[in-house]
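Descriptive analysis of the structure
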Amino acid sequence: AIRHGAGLDMIPVEAATAAGVLVANVPGVNARSVAEHVIFVALALARRFRAIDGDLRGKGWLASRAHSLSARELDGATMGIIGMGHLGRAIAALAMGGFGMRVLGHTRRNAGFPEGVEPVTRDELLKRSDYVVLACPLSPETRGSIGARELALMPKGSCLINVARGAVTVEDDVAAALKSGHLGGAAIDVFAEQPLPADHPFFHFVNVILTPHLAGITEESMERMGIGAVEETLRVLKGDLPVNLVNPSVVAQYRRRFR
């Protein structure tokens, strides 16, 4: 099974391994696209783009300009990234190199981070970040890991950006933090239920940017994903193993299937 992308949460890897089936993916091919999306939505939140655009169209010039009084720059702000794989590293590079942001990082190992990224505990990251970016895989450890307690640790007015998986958060708790005003905004690309139901509470907030799981989709990333998946398929057809084999323990059983 060759995954056209990086995420494996929709692939039954254990069942495939039990059946002697190779599983591979193409990690990192959409990291740049997702990283650019993160910066795009961080800028839109900082500059209050949705409110400015909506009020200019609906309420007029002065009502729209009034939002600029609370607009902020990214320069000097702190971005905390939970997950420092291909995606987290690409986000950090743009945030630091392009926008002068301080970057905090957290993973289970909290080691091997790019230069300039400060390793911290998850709670410290939440407490110190103006923008918290979820860029981690969905796993038993991360499922529901950002709920009411964690959101309360974030500074009042800070923003949450989720490009990981919707189930990493407790969505009702995110909505409650937005409603109370504790969260200053959010940009959410992934949801517990997809497509997003029309009556979802996230639609009620002007300071929330919603996108339909497309952060990693651009012409360039789709080309890289397609080529990567085809190259892995051709390797398997030649009798070789995929470069990005995610269940190496299956190899002996896989070989026996074709003797």
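It should be emphasised that the depicted structure is a prediction, and the values quoted were computed from it without experimental measurement. (Residues numbered from 1 in each chain as written. Predicted model: local features only at pLDDT ≥ 70, side-chain atom pairs only at ≥ 80, totals over all residues. Heavy atoms only, no water.)

Before going further, it helps to spend a moment on the pattern of salt bridges. Taken as a whole and judged by the stated rule, the model has 9 salt bridges. One salt bridge in this structure joins Asp55 and Lys59, with 3.9 Å as the shortest N-O distance. Arg128 is the partner of Glu118 in a salt bridge, and the nearest nitrogen-oxygen pair spans 3.1 Å. Residue Glu118 is found in strand 3 (residues 117–119), and its partner Arg128 is found in helix 6 (residues 122–128); the two are separated by 10 residues along the sequence. Among the charged side chains, a salt-bridge network with shared partners connects Arg122, Asp123, Arg149 and Glu150. (Salt bridge = Lys/Arg side-chain N within 4 Å of Asp/Glu carboxyl O. Helix = DSSP H or I, 4+ residues; strand = E, 2+ residues; numbered from the N terminus.)

A word on the confidence of the model for the protein chain. On average, residues of the protein chain score 95 in pLDDT, and 100% of them are at 70 or above. In the model of the protein chain, helix 10 (residues 251–257) stands out as the element of lowest mean pLDDT, 86, in contrast to strand 4 (residues 131–134), which has the highest, 99. (pLDDT = per-residue confidence, 0-100.)

On to the side chain of Asn25, then. For Asn25, the position within the fold is in the loop between helix 1 (13–18) and helix 2 (31–46). Apart from the residues within four sequence positions on either side, Asn25 is in contact with Arg3, Gly5, Ala6, Leu8, Glu232, Asn244 and Val246. (Contact = heavy atoms within 4.5 Å.)

Once that is clear, we can look at helix 8 (residues 171–180). The set of residues buried in helix 8 consists of Glu171, Val174, Ala175, Ala177 and Leu178. Angular distribution of buried residues about the axis of helix 8 spans 160 degrees; they occupy a single face of the element. Among the exposed residues of helix 8, those oriented more than 90 degrees off its buried face are Asp172, Lys179 and Ser180. Following helix 8 by one or two positions, Gly181 has its phi on the positive side, about 90 degrees. (Buried < 20%, exposed > 50% of the residue type's maximum accessible area, 1.4 Å probe, protein only. Arc of directions from axis to C-beta.)

Turning next to a nonpolar patch on the surface. A surface patch of nonpolar side chains, amounting to about 390 Å² of accessible area, comprises Leu56, Trp61 and Leu62. Structurally, the position occupied by Leu62 is in helix 4 (residues 61–65). (Patch = residues over 30% accessible without salt bridge, like charges linked within 9 Å, V, L, I, M, F, W, Y side chains within 5 Å. Areas by Shrake-Rupley, 256 points an atom, 1.4 Å probe, with all protein chains shown as cover.)

Another point: the nonpolar core. Residues Val38, Met79, Ile81, Ile91, Tyr131, Val133 and Ile161 are the most contacted members of the largest nonpolar core, which totals 34 residues. Looking at this core, the elements that each hand over two or more residues are helix 2, strand 1 (78–82), helix 5 (86–99), strand 4 and strand 5 (159–162). Take this core: its biggest share by element is 10 residues, from helix 2. Once residues within four sequence positions are removed from consideration, Ile91 is found in contact with Ala35, Val38, Met79, Ile81, Val133 and Ala135. (Core = buried A, V, L, I, M, F, W, Y, C linked by side-chain atoms within 4.5 Å.)

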